[in-house]
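Each chain, written out:
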Amino acid sequence: MTTGERLRIAYSPCPNDTFVFDALAHGRVPDAPALDVTFADIDVTNGMAERGEYDALKVSYAVLPYVLDTYTLLPCGGALGRGCGPLVLTRDERTTDLTGRTVAVPGEKSTAYLLFRLWAADTVPGGVGEIVVMPFHEIMPAVRDGKVDAGLVIHEARFTYQNYGLRKLADMGEHWERTTGLPIPLGAIIAKRSLGTPALTRLATALRTSVQLAWDDPEASRPYVMEHAQEMDPSVADQHIGLYVNEFTADLGPDGYAAVRGLLTRAAAEGLLPPLGPEALAFP
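Here the structure is a predicted model, which is why all the values come from computation and not from measurement.

### Concerning helix 4 (residues 111–123)
Across its 13 residues, helix 4 extends 18 Å between first and last C-alpha, which sits within 8% of the 18 Å expected from 1.5 Å per residue. Those residues of helix 4 lying buried are Thr-111, Ala-112, Tyr-113, Leu-114, Leu-115, Phe-116, Leu-118, Trp-119 and Ala-120.

Here it is, written out as C-alpha cells:
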C-alpha cells in the first residue's frame with residue numbers, strides 16, 4: 001500500500017465499531033491511512049475475509065483459522081471482555097433443556113455459535129436439534145413468535161430481550177469465563193499480510209489512537225454512532241459501547257491473546273475448527 005491509497009475496510013454498523021473507528025474514519029488521527037469504509041454485519045464480513053475481498057475487516061474470532069494465511073490479527077480494535085457473552089433465549093419458562101430443540105443462530109462461523117457449541121457439549125448431553133441460521137435482528141422475533149424453540153443472540157439484544165417477552169436460559173460468556181477464567185473473545189480486526197509490516201504497524205498504531213480519542217471525547221463520536229445504530233435507543237448504544245469497548249480494545253495483551261488461543265485451540269480439539277499453527281496469531 002503506497003502513500004495516498006485508501007485502505008479498503010469493512011466493519012459493522014454496531015456502536016462499538018463506529019465508536020472505535022470514528023476518529024480514524026474521519027481523518028482525526030495523525031499519520032493514519034485514509035479509509036474507504038464499507039458497513040456490513042459480521043456474518044457478511046466473515047465471508048468477505050474468506051474471499052480476501054478487503055484490506056482490513058472486523059470478523060468473528062471463529063473465522064480466524066480459515067483466513068490467517070492471508071490476514072494477520074491486529075493486536076487492538078476488536079471486542080473481548082467479561083460479562084459480554086452471547087445469550088440463549090427462550091419464550092417458554094418450561095424450556096430448561098435444549099435436547100432436540102430447534103435453535104436460531106447468527107451464522108455458523110460466528111464466535112457466538114462456537115461458544116454455543118462448546119457450551120452445548122458440556123451441558124446438553126442429548127445434543128440440540130436443528131440449527132437455523134438467520135440474521136441476528138430476526139432471531140428474537142422468531143423465538144417470540146414460536147418459529148424456533150430458542151435463539152442465540154448477541155450485541156444489544158443483551159439489553160432488549162425482555163421487550164420481546166423472552167427469558168434467558170443460559171449465558172455463553174458465563175460458562176466460558178467459569179470454565180477458563182479468561183475474557184470472552186468475540187470480534188477481531190484483521191488486515192492483509194501483503195500490506196507489509198510498516199503499513200500494518202501504522203494501522204495498529206492509528207487504531208489504538210482512534211480508540212483513545214473516542215474515550216477522551218465520547219461525544220465527538222456520537223453522530224457517527226447514532227447514524228449507523230439502526231434506530232437504537234441512545235442509552236442502549238451507550239451500554240453497548242461500555243460493554244464491548246474496554247482495555248482489550250486498546251491492546252489484546254497477554255490475557256487477550258490467551259483467550260483467543262484458548263478458544264480456537266479448544267474448538268479445534270472438539271473438531272469444530274481447523275488447528276492453529278504456533279505462530280498464527282503473531283503480529284505482524
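### Examining the environment of Pro-218
Position of Pro-218 relative to the elements: it lies in helix 9 (residues 218–227). In this structure Pro-218 comes out as partly exposed when scored by relative accessible area, which is 41%. In sequence terms Pro-218 and Phe-19 are 199 residues apart; their C-alpha atoms lie 8.0 Å from each other.

### Section: the sheet that holds strand 7 (residues 103–105)
Strand order in the open sheet formed by five strands is 8-7-9-6-10, with mixed pairing between adjacent strands. The open sheet has two free edges, formed respectively by strand 8 (131–133) and strand 10 (167–171), since each of these has just one partner strand. Adjacent strand axes in the sheet meet at a mean angle of 30° when their direction is disregarded. Relative to strand 9 (residues 150–153), strand 6 (residues 87–90) runs antiparallel, the two being bridged by four bridges. Each bridged residue has a counterpart across the sheet, and for Val-88 the counterpart in strand 9 is Leu-152. Its contacts with the sheet place helix 5 (residues 136–144) against strand 6, strand 7 and strand 9, and it is angled at close to 160° to strand 9. Contacts between helix 7 (residues 172–180) and the sheet are confined to strand 6, strand 9 and strand 10, with strand 10 contributing the most and set at about 25° to the helix.

Analysis parameters
- Residues numbered from 1 in each chain as written.
- Predicted model: local features only at pLDDT ≥ 70, side-chain atom pairs only at ≥ 80, totals over all residues.
- Heavy atoms only, no water.
- Helix = DSSP H or I, 4+ residues; strand = E, 2+ residues; numbered from the N terminus.
- Expected span 1.5 Å × (residues − 1).
- Buried < 20%, exposed > 50% of the residue type's maximum accessible area, 1.4 Å probe, protein only.
- Pairing = 2+ DSSP bridges.
- Axes fitted to C-alpha atoms, helices over the stretch in contact; angles between N-to-C directions.
- Contact = heavy atoms within 4.5 Å.

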